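Listed below are the residues making up each chain.
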Amino acid sequence: MIANERPAIDIVELSKNYGRIKALKGVSLQVHSGELFAYLGPNGSGKTTTIKILTGLARPSAGTAYVNGFNVEKDSIHAKRQCGYVPQALNLDNELTVEQNLYIHGRLFHLEKGYIKDRIIMLLDYIGLLDRAKSPVKELSGGMKRRVMIARALLHEPKILFLDEPTVGLDPSIRRKIWALIKRIQMDGTTIFLTTHYIEEAEFLADRVAFLAEGTLVTVGKPQELIETLGRWALDIVEGEHMKTLYFKTQEEAKTQAIQYPGSFSVRPVNLEDVFISMTGKKVQ
Amino acid sequence: MKGWTAIYYREILILRKRFFRQLASMSVMPLLYMIAFGYGIGESVTVDGVTYMNFMIPGLLAMNSMVQGFGIAAEINIARFYWRVFEEFQAAPIRHIAYVTGEVLFGITRAVMGALIIIILSWLFGVRFSYNGYFWLALILNAFLFASLAVCLAMVVKSHADQALLVNFVITPMGFLGGTFFPLERMPLIIKEVLSYLPITHAAIAIRQALFGYGPALFSYGVLLVLGIICFVIAVWCVDRARE
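Conventions we followed
Position numbers for residues start from 1 in each chain and track the written sequence from start to end. For naming, the first written chain is A and the first written ligand is 1, with later ones following in the order written. Residues qualify for local features only when their pLDDT is at least 70, as the model is predicted, and side-chain atom pairs are given and counted only at 80 or more; totals for whole chains, interfaces and linings, by contrast, use all residues. Side-chain calculation: all heavy atoms of the structure are included, whereas hydrogens and water are not. Every helix listed is a DSSP run of H or I at least four residues long, and every strand listed is a run of E at least two residues long, numbered separately from the N terminus. Two N or O atoms form a polar contact when they lie within 3.5 Å of each other; inside protein one atom must be a possible hydrogen donor and the other a possible acceptor, and for residues adjacent in sequence the pair counts only when both atoms belong to side chains. Residues count as neighbours in contact if any of their non-hydrogen atoms are within 4.5 Å of one another. Values labelled buried area give the accessible surface lost by two parts on being combined, using a 1.4 Å probe and summing over both. One side-chain nitrogen of Lys or Arg within 4 Å of one carboxyl oxygen of Asp or Glu is enough to make a salt bridge. For two strands to be treated as a pair, DSSP must find at least two bridges joining them. Helix axes use the C-alpha atoms of the stretch in contact, all axes being lines fitted to C-alpha atoms, and the angles between their N-to-C directions lie in the range 0 to 180 degrees. Exposure categories follow from relative accessible area, calculated using a 1.4 Å probe and restricted to protein chains: below 20% of the type maximum is buried, above 50% is exposed, and the middle band is partly exposed. For the purpose of counting charges, residues Lys and Arg are taken to be positive, whereas Asp and Glu are taken to be negative. His and the chain ends are not included. Domain delimitation follows an automatic or database domain assignment.

## Some details on the side chain of Arg-59 of chain A
Looking at the secondary structure, you find Arg-59 of chain A in the loop between α1 (47-54) and β4 (62-67). Within the structure, the side chain of Arg-59 of chain A is placed 2.6 Å from the backbone oxygen of Asp-240 of chain B, a separation counted as a polar contact. If near-sequence neighbours (up to four positions away) are discounted, Arg-59 of chain A is found in contact with Lys-16, Ile-53 and Glu-73 of chain A together with Asp-240, Arg-241, Arg-243 and Glu-244 of chain B.

## Examining the interface of chain B and chain A
Counting residues at the interface gives 28 residues for chain B, matched by 32 residues for chain A. With both sides pooled, the region where chain B packs onto chain A buries about 3,000 Å², and carbon together with sulfur makes up 53% of that total. Viewed at the interface, chain A and chain B are joined by 7 salt bridges. A salt bridge links Arg-59 of chain A to Asp-240 of chain B; its shortest N-O distance comes to 3.8 Å.

## Notes on the sheet that holds strand β12 (residues 242-248) of chain A
Whenever strands of a sheet pair, they do so through backbone hydrogen bonds, lying parallel or antiparallel. Residue and element names in this part refer to chain A. Read across the sheet, 3 strands follow the order β12-β11-β13 without closing on themselves; strand pairing throughout is antiparallel. Lying at the two open borders of the sheet, with one neighbouring strand each, are β12 and β13 (265-269). In this sheet, neighbouring strand axes are inclined to one another by 20° on average, regardless of whether the strands run parallel or antiparallel. Bridge count between strand β11 (residues 233-239) and β13: 5 bridges; the pairing is antiparallel. Its bridge partner lying in β13, Ile-237 is registered against Phe-265. Sheet strands in contact with helix α9 (residues 251-258) are β11, β12 and β13, and its direction is about 15° off that of β11.

## Digging into the side chain of Arg-208 of chain B
All names here are of chain B. Relative to the helices and strands, Arg-208 is located in helix α10 (residues 199-211). There is no salt bridge for the buried Arg-208, and the closest opposite charge comes from Asp-48, which lies 6.4 Å off by N-O distance. For Arg-208, the contacting residues outside a window of four places in its chain are Phe-55, Pro-58, Gly-59, Gly-179 and Thr-180.

## Digging into the pairing of strand β3 (residues 36-40) of chain A
Every other side chain in a regular strand lies on the same face of the sheet, so the side chains alternate between the two faces. Residue and element names in this part refer to chain A. The element β3 is largely enclosed, with a buried count of 5 among its 5 residues. Burial along β3 is two-sided: Leu-36, Ala-38 and Leu-40 facing one way and Phe-37 and Tyr-39 facing the other are all buried. Bridging between β3 and strand β8 (residues 191-196) involves 5 bridges; their strand directions are parallel. The residue bridging Phe-37 from the neighbouring strand is Phe-193, located in β8. Taken together, the 4 bridges between β3 and strand β9 (residues 208-213) define a ladder with parallel strand orientation. Bridge pairing in β9 places Leu-40 opposite Phe-211.

## Looking at the pairing of β4 of chain A
Residue and element names in this part refer to chain A. Two strands pair when backbone bridges link them, and strand β1 (residues 9-18) and β4 are joined in this way by 5 bridges, in the antiparallel orientation. Residue pairing in the sheet places Ile-9 in a bridge with Val-67 of β4. Summarising the sheet, β4 and strand β5 (residues 70-71) pair through 2 bridges and their orientation is antiparallel. Looking at β5, one finds that Val-67 is bridged to Phe-70. From the end of β4 to the start of β5, which pair antiparallel, there are 2 residues, and Asn-68 there has a positive phi angle of about 50°.

## Quick notes on the domain arrangement of chain A
Interface size is commonly expressed as the accessible surface area that is lost when the partners come together. Taken domain by domain, chain A consists of domain 1 (9-221) and domain 2 (231-269). Averaged C-alpha coordinates put domain 1 of chain A and domain 2 of chain A at centres separated by 38 Å.

Below, the structure is given as structure tokens:
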């Protein structure tokens, strides 16, 4: 099969069972080349399972998936060459230096020694950690480790970068730095498939988002288009112990409606969390 | 097979970081055996016409190559469950055989290191052997077998605790019962028969015959090679099954 005949990622009726637990239930979707695609859902919704199947870490129970035209099961070696993978858990060799971690990755992807060394310098400069090349990984902060993992995943120049909850556990300022880095990577032409349960992350970064709940794909679309299906403004009304949210096209409509309620209320812009709740009845976070 | 060098290189880099700690750790067990059995039992006991120390050293080399070869299981488990580096190998475009080859070669490297330590220590204790090619072949085959077994079991276990159980119930008894520290001829017939099926028994026979200059124990080499290949093939299969 020739690469680029298909979308960057093509998932067809993908299912995954862990014993009796159905982690994925017939998910189908396509991610276009150069796109930043966010896969949004609460913990346990099947986001990581999807990434693990696409990167060869898990086998599907049913269905197929292609990355850059290569079947992830039948042509796994070629498929893996297309992918860079940054898992949710930090998985660097703590005892080795930053440089050594990257070098081993290059060897795993069969790159030439000279090329690996050039790429390491370039990528560490790219992520702003060139001065830490010789530092043992255990001496780095969580945010630095995350950036090293992104650099490692980019070392072999993958066409698609998989980021599984790239900013989980990081403080807001570091999170913003990682977002800027992700945007830069996309602008350099890499397709990015990102899982997150942070609404603002998906809204800020993604060209399109997919909602996943309990292993089922709920919807796929551009963030703004999904938001506009509800309206642009939300009115949160507190009624006793319950909170009700109403949606309006304009802020004025929302405010006009708000004054009719005796309890406390707030008017705010609609976000993807609202869309998710309206579709699934559950929260993302 | 591309990619095995990366796996092996990573293990060597980590070994280099811990080299002196590792060296000290590898020296403790043989040193204790030599003091306890060498000085403790000393020259007063002879087994099969040689001093007990001379009888024991080949057995110690067999046992140590088994322990060091199998020792990679703990490292693999740490990489898998604690550091999660194993995911990095799973996501890399390398075949399972390349992963197993890299790890098994590291197991053999550890076994050779352990053997060199014993050779030096036994020399200090006044024991002299001719460490010929037959000896190294037996030692490497034994390490190949147990390193392959280590990869199999490291892929099967679900936690560090399971790993410790395997060592307690499989490796330690085999180390003591496989003709390493006493001649099997002294065992009751039925026990002798059972113990003759253990690979460590054949490693001890092959190493002892090589060091005593009796010529190669061809049958034992054959057993170690065949079992080693079987374990290696199963290890490749187990790595594939380790995918979720």
